[in-house]
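Listed here are the chains, written in short residue letters.
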Amino acid sequence: MQHLDHERLVFLALGESDADHGETGHLDTCAQCRDELAGLRHVAGLGADTQGLADLPDPPEHLWRNIVAEIEAAGSLPSLTEARRSPESLDGTIDPTGTAGSNGLTGTAGITGTAGTVGTTRPGTAGADEPTGGGIGLGTRPGTHPSASPLRAPGSARRSRRSRRRPAWATTALTSVAAAAIAIAGTVAVLDGSRPTPQPTSRQDVVASAPLAAFGTTPRDANGDARILTDGRLHLHVANLPAVPGYYQVWLINPKNMEMFPVGVLHNRSDDALLPLPPNVDLQAYSVVDVSAEQYDNKPAHSGDSLLRGTLTG
Amino acid sequence: MTAVRQEPDPPPTDDDLAQRFRAGDETALREAYDRYGRAVLHLATSTLVNRSDAEDVTQATFVAAWLGRDTFDPDKGSLIGWLLGIGRRKVIDRIRASARETRVVETVRQLPEPVSTGPDPDAVVDRLVVADELARLPEDQRRMLELAFYDDLTHQQISAVTGVPLGTVKSHIRRGMASLKRRWEVDGAAPGPRAAGLSGAR
């Protein structure tokens with residue numbers, strides 16, 4: 001028996017008419033035509049449900065920034081400035097590394113929201129302290145805000161999941177420095193993102209330092225140095241870190257209770273970074289500098305896989 | 001998806017973008033996001049209760065896609081199909097995770113009521129894939145299928161509305177339907193060919 005004409009099957013699938021007796025008989029016995037008709041019917045149903053999908057709303061502005069920051073943290077996107085066709089790439093002042101730094105910091109600022117719920121700082125205050133422009137870009141298409149800068153959008157950054165999912169211990173550890181984190185949230189913009197291998201500003205005095213040594217099963221040739229500068233930044237130099245599938249994160253740890261907080265990420269196996277610290281961080285308590293291997297697993301907590309550690313003395 | 005419609009007609013082909021994406025061209029990441037970010041976010045927002053979960057999944061999808069771009073095989077499907085496949089896995093993971101959390105909470109509260117489930121992620125992916133293909137069809141085919149799908153017009157009525165001869169209407173609709181079905185078979189969420197390509201990017 002001859003198969004049903006494809007145009008006829010489409011006709012039936014769209015409900016233009018019912019199958020006549022002969023067609024029903026064929027469909028009963030021919031799996032090929034039956035499957036084709038079932039597939040066409042399903043697609044017709046999907047097609048009817050596509051209305052409105054051509055006019056979906058744009059993702060919020062901060063989503064792209066978060067994507068960029070996370071990818072840059074992996075050291076996987078060396079020149080995204082070129083790729084970013086949104087306005088911040090046009091003014092020439094924004095650098096991928098700076099964006100990453102901003103993200104890490106705004107993540108810290110986001111903690112203040114959590115801390116606020118336990119009675120220290122109101123998250124709204126953080127936004128109010130920021131330069132105008134907080135929260136720009138939500139729901140707008142990239143390219144429509146010539147003045148928009150990723151470093152000046154604390155409102156949207158506070159909404160990021162990165163900050164929201166900070167574990168309870170981090171909240172505890174950070175409550176004391178929450179206010180400080182707010183204070184520097186705006187200054188991250190000046191983090192030396194424009195320099196691939198930032199060096200401490202000349203003659204910056206070192207207030208404390210720590211040689212970093214391989215920790216646990218890390219190969220012995222991995223090493224580094226951490227220096228706290230008078231301007232409140234942590235200058236970190238690492239060398240020969242083992243290759244990891246994710247990225248490296250820098251932590252300050254209180255060895256007495258193992259409370260800790262993240263202070264930044266490293267991109268390369270051998271790297272230099274200048275990481276801003278909360279101005280009133282208690283380095284007597286948070287005296288251990290730790291570099292961990294982290295995966296892109298959406299888990300903001302320390303992976304438990306420490307590569308380097310050292311204790312600050314000064 | 002919207003991007004497709006908003007770009008100059010006809011929509012740009014995916015081929016070049018897919019190749020550049022796979023090759024690690026950073027501009028391709030931004031283009032892919034401009035073109036398909038809405039679709040991925042829609043998949044997440046329509047299947048997850050929590051808006052920030054949805055944004056998180058969208059972010060994770062593009063990050064995973066970029067870091068796992070080596071595993072993307074343009075011969076096995078479109079870029080949007082691949083992205084939606086990654087997004088679908090992440091949505092399902094998130095739904096499972098919150099179901100676990102809910103169970104814990106319910107155990108504590110002793111509230112046995114099950115969580116209401118949102119739309120099936122597979123169905124959302126299928127719709128997005130079909131919508132994308134619809135937007136890529138030649139103008140005549142698309143217009144007539146939209147009249148059939150959205151306005152529920154018969155071929156005869158479409159012919160009357162558009163002034164296009166009935167035979168031509170039928171032919172456009174048949175070819176358009178064949179394209180949609182082919183695309184759905186390649187890029188849809190039904191278990192099958194694309195599963196292999198996904199593992200690497202998760």
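Being a predicted model, the structure only gives us computed values, none of them experimental.

Participant: So what about the overall build of chain B? Which residues, and what values?
Facilitator: Along the backbone of chain B there are 10 helices and zero strands. Ordered by position from the N terminus, the helices and strands of chain B form the series α-α-α-α-α-α-α-α-α-α. Going through the 202 residues of chain B one by one, you find that 50% of them count as buried. A sequence separation of at least 24 residues applies to 76% of the contacts in chain B between residues at least 6 apart.

Participant: Tell me about the overall build of chain A, and please be specific about residues and values.
Facilitator: The secondary structure content of chain A amounts to 11 helices and eight strands. Across chain A, contacts joining residues at least 24 apart in sequence account for 70% of those joining residues at least 6 apart.

Participant: Help me get a handle on helix α7 (residues 139–150) of chain B, residues and values and all.
Facilitator: In a regular helix each residue adds 1.5 Å, so 12 residues correspond to 16 Å; α7(B) covers 16 Å between its end C-alpha atoms and thus fits that length. Residues of α7(B) that are buried include every one of B:Gln141, B:Met144, B:Leu145, B:Glu146, B:Ala148 and B:Phe149, and no others. Elements in contact with the buried residues of α7(B): α3 (31–48) of chain A together with α6 (121–136), α8 (155–162) and α9 (166–187) of chain B.

Participant: Tell me about the environment of A:Asp305, and please be specific about residues and values.
Facilitator: All names here are of chain A. Topologically, Asp-305 is positioned in the loop between β7 (288–294) and β8 (306–311). C-alpha of Asp-305 to C-alpha of Phe-215: the two residues are 90 residues apart in sequence and 9.0 Å apart in space. When near neighbours in sequence (up to four residues on either side) are disregarded, Asp-305 contacts Ser-292 and Ala-293.

Participant: Describe the interface of chain A and chain B, naming the residues involved and giving the relevant values.
Facilitator: Often, the extent of an interface is quoted as the loss of accessible area on bringing the components together. Contacts between the two partners involve 41 residues from chain A and, on the opposite side, 43 residues from chain B. Secondary-structure elements contributing two or more residues to the side of chain A that touches chain B are α1 (6–13), α3, α4 (61–73), α5 (80–83) and α9 (161–164) of chain A. Broken down by class, the residue content of the side of chain A that touches chain B amounts to 20 nonpolar, nine polar and 12 charged.

Participant: Which residues make up the pairing of strand β5 (residues 259–266) of chain A, and what values go with them?
Facilitator: Residues and elements named next belong to chain A. Of all eight residues in β5, seven are buried; the element is thus mostly enclosed. The sheet contact formed by strand β4 (residues 247–254) and β5 spans seven bridges and is antiparallel. Note that in β5 the partner of Ile-253 across the bridge is Met-260. Counting the residues between successive antiparallel strands, the hairpin from β4 to β5 contains four residues, one of them, Met-258, with a positive phi of roughly 60 degrees.

Participant: Kindly report on the environment of A:Val244, identifying the contributing residues and their values.
Facilitator: Along the chain, A:Val244 falls in the loop between β3 (233–239) and β4. Expressed as a C-alpha distance, the spacing of A:Val244 and A:Glu294, which sit 50 residues apart in the sequence, is 8.0 Å.

Participant: I'd like a description of unusual backbone geometry, backed by residues and values.
Facilitator: Positive phi, close to 60 degrees, is recorded for A:Asn298, a residue that is not glycine. Under the C-beta neighbour-count criterion, A:Asn298 is labelled partly exposed, with 18 such atoms within 10 Å.

Participant: Summarise the environment of B:Lys170; cite the residues concerned and give the values.
Facilitator: Here B:Lys170 lies in helix α9. Leave out the neighbours within four places in its chain, and B:Lys170 touches A:Glu7 and B:His155.

Participant: I'd like to hear about the packing of α1(A) against α9(B), residue by residue, with values.
Facilitator: Relative to each other, α1(A) and α9(B) sit at 85 degrees, their axes nearing to 10 Å. The angle between the axes of α1(A) and α9(B) places the two elements in the roughly perpendicular class. For the pair α1(A) and α9(B), contact is made by A:His6, A:Glu7 and A:Val10 and by B:Lys170, B:Ile173, B:Arg174 and B:Met177, respectively. Class assignment for the residues of the contact of α1(A) with α9(B) results in three nonpolar, one polar and three charged.

Participant: Any details on the packing of helix α2 (residues 14–23) of chain B against helix α3 (residues 26–47) of chain B? Residues and values, ideally.
Facilitator: For any two helices packed against each other, one specifies the crossing angle of their axes together with the interaxial distance. Residue and element names in this part refer to chain B. Look at α2 against α3: their axes get within 8 Å of each other, and the N-to-C directions meet at 130 degrees. It follows from the interaxial angle that α2 and α3 lie oblique. Where α2 crosses over α3, the two elements pack in a sense that is left-handed. Contact residues: Leu-17, Arg-20 and Phe-21 in α2; Ala-28, Leu-29, Glu-31 and Ala-32 in α3.

Participant: Pulling in residues and values, what's your account of the sheet that holds strand β1 (residues 206–214) of chain A?
Facilitator: All names here are of chain A. Taking strand neighbours across the sheet as the criterion, the eight strands line up as β5-β4-β7-β8-β1-β2-β3-β6 in an open arrangement whose pairing is antiparallel. Two strands in the sheet have a free side with no partner beyond their single neighbour: β5 and β6 (271–276). Strand-to-strand, the axes of this sheet are offset by a mean angle of 20 degrees, without reference to chain direction. Pairing between β3 and β6: six bridges, direction antiparallel.

Participant: Summarise the pairing of β7(A); cite the residues concerned and give the values.
Facilitator: Residue and element names in this part refer to chain A. With respect to burial, β7 is a largely interior element, six of its seven residues being buried. Across seven bridges, β4 lies against β7 in antiparallel orientation. The partner of Ile-253 across the bridge, within β7, is Val-288. By the bridge criterion, five bridges tie β7 to β8 in an arrangement that is antiparallel. Bridging from a neighbouring strand, Ser-292 pairs with Ser-306 of β8.

Participant: How would you summarise the confidence of the model for chain A if you had to cite specific residues and measurements?
Facilitator: Residue and element names in this part refer to chain A. The predicted model of chain A has a mean per-residue pLDDT of 67, with 58% of residues at 70 or higher. When mean pLDDT is taken per element in chain A, α3 scores highest with 93 and helix α6 (residues 96–117) scores lowest with 34. Per-residue pLDDT stays below 50 along residues 77–202; that stretch engages in 231 contacts with residues further than four places along the chain or on separate chains.

Participant: So what's going on with α2(B)? Which residues, and what values?
Facilitator: Residues and elements named next belong to chain B. Inspection of α2 places Asp-14, Leu-17, Ala-18 and Phe-21 among the buried residues, and these make up the whole buried set. Seen end-on, α2 carries its buried residues on one side only, within an arc spanning 100 degrees. Seen from the open side of α2, the exposed residues pointing more than 90 degrees away from its buried face are Asp-15, Asp-16 and Ala-23.

Participant: How would you explain the confidence of the model for chain B if you had to name every residue and give the values?
Facilitator: All names here are of chain B. The predicted model of chain B averages 82 in pLDDT, with 78% of residues at 70 or higher. Predicted confidence is poor over residues 109–116, with pLDDT under 50, and the contacts of this stretch with residues over four places away or in other chains come to four contacts. Predicted confidence for residues 191–202 stays below pLDDT 50, and this span has 24 contacts to residues more than four positions away or in other chains. Interface confidence in the predicted complex, given as ipTM, is 0.81; pTM for the same model is 0.52.

Quick notes on the rules
- Residues numbered from 1 in each chain as written.
- Chains lettered and ligands numbered in written order.
- Predicted model: local features only at pLDDT ≥ 70, side-chain atom pairs only at ≥ 80, totals over all residues.
- Helix = DSSP H or I, 4+ residues; strand = E, 2+ residues; numbered from the N terminus.
- Buried ≥ 20, exposed ≤ 12 C-beta atoms within 10 Å, placed from the backbone.
- Contact = placed C-beta atoms within 7 Å.
- Expected span 1.5 Å × (residues − 1).
- Nonpolar A, V, L, I, M, F, W, Y, C, P; charged D, E, K, R; others polar.
- Pairing = 2+ DSSP bridges.
- Axes fitted to C-alpha atoms, helices over the stretch in contact; angles between N-to-C directions.
- Parallel < 35°, antiparallel > 145°, perpendicular 65-115°, else oblique.
- Left-handed = near helix turned anticlockwise from the far one by under 90°.
- pLDDT = per-residue confidence, 0-100.
- Arc of directions from axis to C-beta.

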